[in-house]
Amino acid sequence: MKTAYLTGPKRIELRDVPEPHAPAGGIVLDVKACGICGSDLRRWKEGPPKGVAGAVPGHEAAGIILEVGKGVTAYAPGDYLAIAPDVHCGRCYYCQRGLYNLCNELRFVGVTPELPGALAERLVLAEEVLVNGIVHLMPREMSFIEGSLAEPSCSVLACHHRTGTGLGDTVVVMGAGPIGCLHTVVAQSLGASVIVSEPNVTRRRLAERFAPQAIVDPTSEDLAARVREVTGGVGADIVICANPVAQTQTQAVEIVRKRGKVVLFGGLPKTSPMVTLDSNRIHYGEIEVVGAFSYHPTTHELALDLIHRKVIPADLLVTHTFGLNEIDRAFETAAAGEALKVVVTR
Ligand SMILES: [Zn+2]
Ligand SMILES: [Zn+2]
């Protein structure tokens, strides 16, 4: 079977490797769709982790079970599955409190070297992934592309659970990549009106298909003035920084209203995680600045349901599909910032 190995910065080798068999307690998934995530792109640019010759990326996957190992009773060959990457330990302080996304030993399919990912024809999910990972059956009439979109939808849904986004809120979304657009969709479905801020012209144009209240180019327009205008001078209820840019976090604190919430959703580059925030505004305005990372496993089931019911429109979010043998083009397209979701399909 063909498997994509990341062997260096922007270098992927498609190798033919022996067909896998299901280990005891595990399964083999025939991968039908796997999305390319912002985190996959970052690792593609950096190359595999030090000391690892080749890593198989891909964690936004969906497919059909080909084979089940000894002792597997919850799944059968022919089942349609969607998966997400997190595998928690089940033992640490956070796991014992059900906060699995904060697990101290969190590992990820398609990231942690000993858990190869889904940019391959087949994916082995070992027993520990079936037990402590995020695996859900898909509705039969759902497409695999829709199934693969469940994973990136999850962290967005979890974020809006935490912020309590609701009717009449004004939400500013910084960044109109695939995740920013998902924030726009989810916030609007909860009854909020959304202002999108995005410097890239192609992405601003792509964001139009979700019909937010306003789309602002922060390089040529005054975002703060626009937010004041839309909110009668009050400021945004919620600002979501869905991009890896420190200045947007600084600006978020300036445009949020008193008692409003700023969500640091996109991680900053590991080498420069420091940022300056107006602490007096946070103090006197009782502003909440919160982090958001990953999600509880049950969110994945919710995402599948929302995509199935078209609350989250996969057809508008997935702009490009490529075969596994076009893997370089898939990554290059995703990296060019001209696409929303790029999915590798079979
Ligand atoms: Zn992802
Ligand atoms: Zn844990």
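Below is a short write-up of the structure.

What counts and how
- Residues numbered from 1 in each chain as written.
- Chains lettered and ligands numbered in written order.
- Predicted model: local features only at pLDDT ≥ 70, side-chain atom pairs only at ≥ 80, totals over all residues.
- Heavy atoms only, no water.
- Helix = DSSP H or I, 4+ residues; strand = E, 2+ residues; numbered from the N terminus.
- Rg over C-alpha atoms; globule rule 2.2 N^0.38 Å.
- Buried < 20%, exposed > 50% of the residue type's maximum accessible area, 1.4 Å probe, protein only.
- Contact = heavy atoms within 4.5 Å.
- Areas by Shrake-Rupley, 256 points an atom, 1.4 Å probe, with all protein chains shown as cover.
- Lys, Arg positive; Asp, Glu negative; His and termini not counted.
- Charge placed at Lys NZ, Arg CZ, Asp CG, Glu CD.
- 1 Å grid on protein atoms, 1.4 Å probe; cavity = no way out; pocket = protein on both sides within 12 Å on 5 of 7 lines; lining within 4 Å.
- Points joined across faces, edges and corners; volume = space filled by probe spheres on them.
- Donors = N, O, S within 2.8 Å, 3.2 Å for Na, K, Ca; no water.
- Tetrahedral: all angles 85-135°; square planar, octahedral: opposite > 155°, others 65-115°.
- Phe/Tyr/Trp six-rings, centres within 6.5 Å; stacked < 30°, edge-to-face > 60°.
- Nonpolar A, V, L, I, M, F, W, Y, C, P; charged D, E, K, R; others polar.

Summing up its helical and strand segments, the chain has 13 helices and 17 strands in all. Its C-alpha atoms give the chain a radius of gyration of 20 Å, within 12% of the compact-globule value 20 Å for 346 residues. If you line up the chain on its principal axes, its C-alpha atoms span 65 × 40 × 40 Å. Looking at the chain as a whole, 55% of its 346 residues qualify as buried. The contacts in the chain between residues at least 6 apart in sequence include a share of 67% that link residues at least 24 apart. Accessible area for the chain stands at about 15400 Å²; split by element, carbon and sulfur atoms hold 51% of it. Side chains of the chain carry 33 positive and 37 negative charges; the gap between the two charge centres is 2 Å.

In this structure, the second largest pocket spans a volume of roughly 280 Å³. In this structure, the second largest pocket is lined by 17 residues; those nearest its centre are Asn101, Ala158, Arg162, Ser294 and Tyr295. Mapped onto the lining of the second largest pocket, the elements with two or more residues apiece are α5 (150-163) and α11 (298-308). For the lining of the second largest pocket, the leading source of residues is α5, giving 5 residues.

Around the zinc ion (ligand 2), the donor atoms from the protein are Cys89 (SG), Cys92 (SG), Cys95 (SG) and Cys103 (SG), and they sit 2.3 to 2.4 Å away. Here the zinc ion (ligand 2) is ringed by 4 donor atoms whose angles at the metal span 102 to 116°, and the overall shape comes out tetrahedral. Along the chain, the residues donating to the zinc ion (ligand 2) are arranged with the sequence spacing C-x2-C-x2-C-x7-C. Comparing Cys92 with Cys95 shows no difference in burial state: the two are buried.

The next point concerns the environment of Ala236. Summarising the element assignment, Ala236 is placed in strand β13 (residues 236-241). Taking the relative accessible area as the measure of exposure, Ala236 reaches 0% and is therefore buried. When the C-alpha atoms of Ala236 and Thr170 are compared, they prove to be 5.3 Å apart, with 66 residues separating the residues in sequence. Beyond its immediate chain neighbours, meaning those up to four positions away, Ala236 contacts Thr170, Val172, Val227, Thr231, Ile255, Val256 and Arg257.

Take helix α9 (residues 246-255) next. Buried residues of α9: Thr248, Gln249, Ala252, Val253 and Ile255, and no others. Close packing links the buried residues of α9 with β10 (170-174), α8 (223-230), β13, β14 (256-264), α10 (279-284) and β15 (288-291).

What follows deals with the packing of aromatic side chains. Enumeration according to the criterion identifies 3 aromatic pairs in this entry. For the ring pair Trp44 and Phe331, a centre distance of 5.5 Å and an interplane angle of 25° mean the geometry is stacked. Highlighted residues: Trp44 in helix α1 (residues 38-46) and Phe331 in helix α13 (residues 327-335), separated in sequence by 287 residues. With relative accessibility at 4%, the residue Trp44 sits in the buried group.

Looking now at empty space enclosed by the protein. In total, this model carries 2 cavities of 30 Å³ or more according to the counting rule given. The volume enclosed by the largest cavity comes to roughly 80 Å³. Ranked by residues supplied to the lining of the largest cavity, first place goes to α1 with 3 residues. A breakdown of the residues in the lining of the largest cavity according to their chemical character gives 10 nonpolar, 1 polar and 2 charged. Roughly 40 Å³ of volume is contained in the second largest cavity. Lining the second largest cavity, in full, are Val31, Lys32, Cys34, Ala118, Leu119, Ala120, Leu324, Val344, Thr345 and Arg346. Among the elements of the structure, β3 (27-35) and β17 (341-345) are those that each provide at least two residues to the lining of the second largest cavity. Tallied by class, residues from the lining of the second largest cavity come to 7 nonpolar, 1 polar and 2 charged.

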